[in-house]
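So the chains spell out like this:
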Amino acid sequence: MEHAQLVCFEPSCRQEYAITDVIYSCPKCGGLLEASYPGRNLLPESLKAVWRKRRCDNARVEQSGVWRYREMIPFLDDESHIVTLREGNTPLLPAPKAAAWAGLDHIVFKHQGFNPTGSFKDNGMTCGVAQAVRLGMQRVACVSTGNTSASMAAYASAAGLRPVVFIPHGNISYGKLAQALEYGALTLQVDANFDQILKLVRELSEKLGIYLLNSINPFRIEGQKTIMVELMDQRDWNVPDWVVLPGGNLGNISAFGKGLRELLEAGFISKLPRLAVIQAEKSAPFYDFMQRGGTDFRAVENPETLATAIRIGDPISWPKAKHEILTTNGVVESVTEQEIADAKAQIGAAGIGCEPASAATLAGIRKLRAAGVIASDADVVAVLTGNVLKDPDYIFKYHTGALKDPSGNLLQSTYANAPVLVPNDMDRIAAML
Ligand code: F0G
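Residues numbered from 1 in each chain as written. Predicted model: local features only at pLDDT ≥ 70, side-chain atom pairs only at ≥ 80, totals over all residues. Heavy atoms only, no water.

A. Main features of the environment of lysine 282. With respect to the helices, strands and loops of the structure, lysine 282 is situated in the loop between strand 11 (274-280) and helix 10 (285-291). Among the residues examined, lysine 282 registers a relative accessible area of 51% and is labelled exposed. Between the alpha carbons of lysine 282 and alanine 49 there is a distance of 45 Å; along the sequence they are 233 residues apart. Other than its neighbours up to four places away in sequence, lysine 282 contacts Val300, Pro303 and Glu304. (Helix = DSSP H or I, 4+ residues; strand = E, 2+ residues; numbered from the N terminus. Buried < 20%, exposed > 50% of the residue type's maximum accessible area, 1.4 Å probe, protein only. Contact = heavy atoms within 4.5 Å.)

B. Just empty space enclosed by the protein, in detail. Across all of its chains, the model carries two cavities of 30 Å³ or more by this definition. As a volume, the largest cavity reaches approximately 330 Å³. In terms of lining, the largest cavity is formed by 28 residues, of which the most central are Phe120, Lys121, Gly248, Asn249 and Ala309. Listed by contribution, the elements that provide at least two residues to the lining of the largest cavity are helix 5 (147-159), helix 8 (218-234) and helix 9 (251-266). (1 Å grid on protein atoms, 1.4 Å probe; cavity = no way out; pocket = protein on both sides within 12 Å on 5 of 7 lines; lining within 4 Å. Points joined across faces, edges and corners; volume = space filled by probe spheres on them.)

C. Geometry of the packing of helix 8 against helix 9. Look at helix 8 against helix 9: their axes get within 7 Å of each other, and the N-to-C directions meet at 55°. The angle between helix 8 and helix 9 places the two elements in the oblique class. Crossing angle aside, the handedness with which helix 8 passes helix 9 is right-handed. Contacts between helix 8 and helix 9 involve Ile221, Glu222, Gln224, Lys225, Ile227, Met228, Val229 and Met232 on the former and, on the latter, Gly251, Asn252, Ser254, Ala255, Phe256, Lys258, Gly259, Leu260, Glu262 and Leu263. (Axes fitted to C-alpha atoms, helices over the stretch in contact; angles between N-to-C directions. Parallel < 35°, antiparallel > 145°, perpendicular 65-115°, else oblique. Left-handed = near helix turned anticlockwise from the far one by under 90°.)

Fair warning: the whole summary comes from geometry, so function is off the table for now.
And the structure:
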């Protein structure tokens, strides 16, 4: 018999809870929670065929690049609770010039910026909001560096729930703030950073009975797991050598690792790719922690980076992230503001584009390549987490030589492509061209 439950992630605890319990950490030991499906029997060969066939089905649930793989995430008991905006279905984009810049023979970007609200958060949010509907919740809340709030606002409003968004005042991009407003969220700007606001929101939501949709919510992780399922499906189940992603609160690495382990366990794939997490240098507590051998986790008090999506000093999911890095023989790297800015311009010049946090991937790959960790002929998939239009302000400043790091130092606009002011005069413009 298939059944779904919540389980404490801590190996020494593993306490089990009902799938409908409204809890975000283990009441017994305080550990992180995960969804688990004891007795689940996945049949890879038939499911691969079923999933492929569903791609051509016009039913909304099959058009979703998350729910199409619902056998991997069977936590609902009623499909009418599903809220979908046609999330997932994100492309694999080869980029020869970006590969050459990083020192690789080839690279493929899996671009999560093609999601309905422009980031990978939609993969998780469709599941988190479905669970909120199932539980009969009326309000949902999150703290966010911008993408989670945009996504939650959209999915909650689509479901008829009330979204309440908390953001660090002055430290999210306008594109993301604008989305929260447009999608109808009650938007509270707090004069504190992400880590401080997360503590506040966790207490508030408990007190007021508001459903919390940060990535500590195990159902968000279930949805984000399917990014790896879709990736393997798109590659006809050929496993790459590396999957590289940026790390902030470390929910996504936790999701990728869980998804890949479950695929391996069920026999969909025969090995695991190595996972590489890239952090911004001044917001890199997980990098520091793994450098110290994965003992004694210490938060970064005042995290800084222009890649505001990953400006997080006290990532909640570090125990899961550590497990997934160790299980996949993975690595953690950190990159500078300059490296992120130049990598971003390279991804843009390849005709692809992404937001700053996403570009940490290519910057990290270049560094790992130079250090000999990644081989030049390696099969590398870099996950671009957010759309290029999320943060146009950053782009304009870079290309016009005005981008300053958080300490106020001007960054080099190595690959600047500034707009050119011309007179309204055909002959003079023709002469310029
Ligand atoms: N890339 C982008 C574009 C993000 O928005 C985030 C996280 C990450 C990477 C890091 O993912 O937290 O799972 O390690 N953004 C969150 C937010 C924190 O509030 O939108 P992670």
